[in-house]
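Listed below are the residues making up each chain.
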Amino acid sequence: MKIAVTGSLGNIGKNLTQLLVKSGHEVIGIVRSPEKALEIESIAAIPAIGSVDDPEFLLKTFSDADAVFAMVPPNYQVVNSRAYYNSIGNAYADAIKKSGVKKVVNISSWGAHLPEETGFITGAYDVEQILNKIPDLNITHIRAGYIYYNLFHFAGMIRNLGYIGSNYGGNDKIVLTSPKDIAEASFEELTSTSSNGKNVRYIASDDRTAREIAKEIGKEIGIPQLEWKIFTNEEVRSSMEKQGLSEDVIVNTIDLNTSIHNGKMREDYDFQKCAVTGKVKLEDFAKEFAVYYKNY
């Protein structure tokens, strides 16, 4: 197959590209910067230089593909995150329809079953709805949980304050997901001959409480009593305002974290009785965190 991969040098995309190439598929690796072309070629993929918010570029690139791996790259500089997600989703949909691509894997998120109250994830909900409207498209939405590498954001707080804190934590249960496990699931869906229609697949590498996450990370970095404290929304807002973050980022972050704390983020995951299937466990990631923390 010839498969177009967006975010082809990212945490998920690079792992996926390598899996596809190793299995004999031809991969079109989409990157924004011309300077990245050599890196794409070094993993035996074909570079396509352009932006996913450019419908003409997407159409040209997808027209040569049998399947597409689609994701919305994070952008915290936009004024309206949900509008940004919709813009990228519509650009994908337009290019998919016009190019005739019949198979797509879309990276979505836990919580994407809800149209409101999940912060940034409402954008993932919108993209699922947009792509599901494309006639005769075989698509799987990969609903990833809390990506492990998001925990790196707490390195500075641990270093400076000696604890983790947010408006979720303690005994809140968090579905954790490794980019490697997302890549493997995406590979399976892209190359499967039996995956038809509109589908959702949850990917969980582990399922632990915030307290357990803090304990495992603390053990690896030499702070065995590391705590994950729960702050109020007002405390989180005040901290983010002092950091100079935009109102869009503040509101969406607070809403997303609140949905983890009150359980809404994982309600469909639990309703579907999903299970942990990924290979990369919390203990594995904690060792990776320790390396990052040492060099922070």
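What comes next is a walk through the structure. Residue numbering note: each chain is counted from 1, following its sequence as written. Given that this is a predicted model, residues contribute local features only at a pLDDT of at least 70 and side-chain atom pairs are listed and counted only at 80 or more, while totals for whole chains, interfaces and linings are drawn from all residues. Each side-chain value is derived from all of the structure's non-hydrogen atoms; neither hydrogens nor water enter the calculation.

1. Things to note about helix H12 (residues 282-294)
Inference 1: Numbering of helices and strands runs from the N terminus; a helix is a DSSP stretch of H or I covering at least four residues, while a strand is a stretch of E covering at least two. By this rule, a helix spans an expected 1.5 Å times one less than how many residues it contains. With 13 residues, H12 should cover 18 Å at 1.5 Å per step; its first-to-last C-alpha distance of 18 Å lies within 8% of that length.
Inference 2: Categorising residues by exposure relies on relative accessible area from a 1.4 Å probe, with only protein chains included: less than 20% of the type maximum marks a residue as buried, more than 50% marks it as exposed, and the intermediate range marks it as partly exposed. Of the positions making up H12, those classed as buried are Leu 282, Phe 285, Ala 286, Phe 289, Ala 290 and Tyr 293. With its buried residues spanning 155° around the axis, H12 presents them on a single face.
Inference 3: Looking at the buried positions of H12, the neighbouring elements they touch are helix H6 (155-161), strand S9 (173-177), strand S11 (206-209) and helix H8 (210-221). In this description, one arc is meant: the one made by directions from the helix axis to the C-beta atoms. Should any heavy atoms of two residues lie within 4.5 Å, those residues are counted as being in contact.

2. Comments concerning the packing of aromatic side chains
Inference 1: Two rings from Phe, Tyr or Trp (for Trp, the six-membered ring) form a pair when their centres are within 6.5 Å of each other. A pair whose planes differ by under 30 degrees is stacked, one over 60 is edge-to-face, and the rest are tilted. As enumerated under the stated definition, the model contains 15 aromatic pairs in all.
Inference 2: An angle of 45° between the planes, with centres 5.4 Å apart, marks the rings of Phe 152 and Phe 285 as tilted. Taken together, the residues span a long stretch of sequence, with Phe 152 in the loop between strand S7 (146-147) and H6 and Phe 285 in helix H12 at a distance of 133 residues.
Inference 3: For Phe 152, a relative accessible area of 15% puts it in the buried group.
Inference 4: The interplanar angle of 25° and the centroid separation of 4.2 Å between the aromatic rings of Phe 152 and Tyr 292 together place this pair among those described as stacked. Remark: Tyr 292 occurs in helix H12 and Phe 152 occurs in the loop between S7 and H6; sequence separation between them is 140 residues.
Inference 5: Residue classification places Tyr 292 among the partly exposed positions, given a relative accessible area of 35%.

3. Description of the packing of helix H3 (residues 55-62) against helix H4 (residues 81-99)
Inference 1: The N-to-C vectors of H3 and H4 enclose an angle of 40°; their axes lie 9 Å apart at closest approach. The angle between the axes of H3 and H4 places the two elements in the oblique class. Helix-helix and strand crossings are classified by hand; for H3 and H4 the assignment is right-handed. Residues Pro 55, Leu 58, Leu 59 and Phe 62 of H3 form the contact with H4, whose own contacting residues are Ala 91, Tyr 92, Asp 94, Ala 95, Ile 96, Lys 98 and Ser 99.
Inference 2: Partitioned by chemical class, the residues of the contact of H3 with H4 number eight nonpolar, one polar and two charged. Axes here mean lines fitted to C-alpha atoms, for a helix over just the part in contact, with angles spanning 0 to 180 degrees between N-to-C directions. Our angle categories are set so that under 35 degrees counts as roughly parallel, over 145 as roughly antiparallel, 65 to 115 as roughly perpendicular, and the remainder as oblique. The hand of a helix crossing depends on one turn: near helix anticlockwise from the far one by less than a right angle means left-handed, and clockwise means right-handed. Three categories are distinguished: nonpolar for Ala, Val, Leu, Ile, Met, Phe, Trp, Tyr, Cys and Pro, charged for Asp, Glu, Lys and Arg, and polar for the others, with Gly belonging to the last.

4. Notes on the side chain of Arg 208
Inference 1: Relative to the elements of secondary structure, Arg 208 occurs in strand S11.
Inference 2: Within polar-contact distance, the side chain of Arg 208 engages the side chain of Glu 212 at 3.5 Å.
Inference 3: Other than its neighbours up to four places away in sequence, Arg 208 contacts Asp 172, Lys 173, Ile 174, Leu 176, Ile 213, Glu 216, Leu 282 and Glu 283. Here a polar contact means two N or O atoms within 3.5 Å. Within protein one must be a hydrogen donor candidate and the other an acceptor candidate, and residues neighboring in sequence count only if both atoms are side-chain atoms.

5. Things to note about the sheet that holds S11
Across a sheet, strands are paired by hydrogen bonds formed along the backbone, either parallel or antiparallel in direction.
Inference 1: By the convention used here, strands pair only if DSSP detects at least 2 bridges between them. The strand order across the open sheet built from three strands is S7-S9-S11, with neighbouring strands paired in mixed fashion. The sheet is open, and its two edges are formed by S7 and S11, each paired on a single side.
Inference 2: Both S7 and S9 contribute to a ladder of two bridges, which runs parallel. In the strand pairing of S9, Ile 147 is matched with Thr 177.
Inference 3: Contacts from H8 reach S9 and S11 within the one sheet, and its direction differs from that of S11 by about 95°.

6. Some details on the nonpolar core
Inference 1: Grouped together as the largest cluster of nonpolar side chains are 41 residues, with contacts concentrated most on Tyr 146, Leu 151, Ile 174, Trp 228 and Phe 289.
Inference 2: Residues Ala 48, Ala 95, Ile 130 and Ile 134 belong to the second largest nonpolar core, which totals 29 residues. Nonpolar cores are built from buried Ala, Val, Leu, Ile, Met, Phe, Trp, Tyr and Cys residues. Side-chain atoms within 4.5 Å join them into one set.

7. Some remarks on H8
Inference 1: An ideal rise of 1.5 Å per residue puts 16 Å on twelve residues; H8 measures up with 16 Å between its terminal C-alpha atoms.
Inference 2: Among the residues of H8, those classed as buried are Ala 210, Ile 213, Ala 214, Glu 216, Ile 217, Gly 218 and Ile 221.
Inference 3: On its buried side, H8 packs onto H6, strand S8 (164-166), S9, S11, strand S12 (228-230) and H12.

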